[in-house]
Amino acid sequence: MIRQRKKEISQNLNLALIGMPAVGKSTVGVILAKQLGFDFLDTDILIQTKENMSLAQIIKKKGLKGFLDIEAGHLLGLGGKRRVISTGGSVIYREQAMCHLKEIATVIYLHADLPTLLTRLSDIEARGVAIDPSNSIDSLYKERTPLYDKFCDIKITCGQNQPGQVAADIAAALADKI
Ligand SMILES: Nc1ncnc2c1ncn2[C@@H]1O[C@H](COP(=O)(O)OP(=O)(O)O)[C@@H](O)[C@H]1O
Ligand SMILES: O=C(O)C1=C[C@@H](OP(=O)(O)O)[C@@H](O)[C@H](O)C1
Ligand SMILES: [Mg+2]
């Protein structure tokens, strides 16, 4: 009975990775999907393909709020099963989109401390982070952290771990489901 339930869950399960830009959602997501034999979807790539623009171009053309609405619209269209979905760091600003994500996926928050993220975030403009020019990464981190905490089902602390280890930690945290 328990084994049957576990099988049902694993056959329908999606996993969504959330967290700050450069924490490793895209990198770890691919590794995790390969490990679990799941499909992989990066919502940043989905948005770029559907909008036929880079994320930085969308932010420039539509503004921050416009970008967040477009991103949320694409999130609301997500479904499927046995997928690892790597999201963009800004998804947590749209409650309705996050409620949908939580309905279709187990939401995993990849957490790293600010100094670790700063070593990887030298190219904010090229990455197209949804940040007001008057805001700092420091205050963005403080603003977003409670939102990632609020929406996640599971929190994984990445520390200095390599991407493969982070993927293994996620798989271990899901041991009762897969
Ligand atoms: N656990 C990790 N340890 C060291 N570098 C990492 C780790 N995860 C990701 N990176 C590097 O950090 C950068 C951002 O990773 P990425 O997967 O694009 O993050 P995100 O999708 O969360 O924005 C990439 O250069 C990637 O190689
Ligand atoms: O955190 C953000 O504001 C953003 C992060 C990006 O994705 P990553 O988190 O994969 O870098 C991308 O969605 C967009 O440019 C906005
Ligand atoms: Mg990414």
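Residues numbered from 1 in each chain as written. Chains lettered and ligands numbered in written order. Predicted model: local features only at pLDDT ≥ 70, side-chain atom pairs only at ≥ 80, totals over all residues. Heavy atoms only, no water.

1. Points about the overall build of the protein
Stage number 1. Within the protein, the secondary structure is distributed over nine helices and five strands.
Stage number 2. Tracing the protein from N to C terminus, the helices and strands come up as α-β-α-β-α-α-β-α-β-α-α-α-β-α.
Stage number 3. A compact globule built from 178 residues would reach a C-alpha radius of gyration of about 16 Å, and the protein, at 16 Å, matches this within 12%.
Stage number 4. With respect to the principal axes defined by its C-alpha atoms, the protein has extents near 55 × 35 × 25 Å.
Stage number 5. Put simply, 75% of the contacts in the protein that link residues at least 6 apart link residues at least 24 apart.
Stage number 6. Approximately 9200 Å² of the protein is accessible, and the part contributed by carbon and sulfur atoms is 52%.
Stage number 7. Computing the positive centroid from 23 side-chain charges and the negative centroid from 19, the protein places the two 6 Å apart. (Helix = DSSP H or I, 4+ residues; strand = E, 2+ residues; numbered from the N terminus. Rg over C-alpha atoms; globule rule 2.2 N^0.38 Å. Contact = heavy atoms within 4.5 Å. Areas by Shrake-Rupley, 256 points an atom, 1.4 Å probe, with all protein chains shown as cover. Lys, Arg positive; Asp, Glu negative; His and termini not counted. Charge placed at Lys NZ, Arg CZ, Asp CG, Glu CD.)

2. Concerning the UniProt feature "binding site: substrate" (unreviewed entry) in the protein
Stage number 1. The positions that UniProt labels "binding site: substrate" (unreviewed entry) are, in the present scheme, Asp44, Gly89 and Arg144. The annotated residues contributing to the lining of the largest pocket are Asp44, Gly89 and Arg144.
Stage number 2. Within the secondary structure, Asp44 is located in helix α3 (residues 43-51).
Stage number 3. For Asp44, a relative accessible area of 22% translates into the label partly exposed.
Stage number 4. Here Asp44 is in contact with Leu55 and Gly88, once residues within four sequence places are set aside. (UniProt positions renumbered as here; feature names shortened; annotations may be inferred. 1 Å grid on protein atoms, 1.4 Å probe; cavity = no way out; pocket = protein on both sides within 12 Å on 5 of 7 lines; lining within 4 Å. Buried < 20%, exposed > 50% of the residue type's maximum accessible area, 1.4 Å probe, protein only.)

3. Topic: the site of ligand 1
Stage number 1. Ala22, Lys25, Thr27, Arg127 and Asn161 are the nearest of the 13 residues found near ligand 1.
Stage number 2. Separating an oxygen atom of ligand 1 from a backbone N or O atom of Ala22 is a distance of 2.8 Å.
Stage number 3. Val23 places a polar main-chain atom, nitrogen or oxygen, 3.3 Å from an oxygen atom of ligand 1.
Stage number 4. Protein chains shield 71% of the accessible area of ligand 1, which is 570 Å² for the free molecule. (Near = heavy atom within 4 Å. Polar contact = N/O pair within 3.5 Å; in protein donor to acceptor, adjacent residues only side chain to side chain.)

4. Side note on the packing of α3 against helix α4 (residues 55-76)
Stage number 1. Running from N to C, α3 and α4 point in directions that differ by 110 degrees, and their axes come no closer than 11 Å. Viewed along their axes, α3 and α4 adopt a mutual orientation that is roughly perpendicular. In this structure, α3 meets α4 at a crossing whose hand is right-handed. Contact with α3, carried on its side by Thr43, Asp44, Leu46, Ile47, Gln48, Lys50 and Glu51, involves Leu55, Ile58, Ile70, Glu71, His74 and Leu75 of α4 and no other residues of that element. (Axes fitted to C-alpha atoms, helices over the stretch in contact; angles between N-to-C directions. Parallel < 35°, antiparallel > 145°, perpendicular 65-115°, else oblique. Left-handed = near helix turned anticlockwise from the far one by under 90°.)

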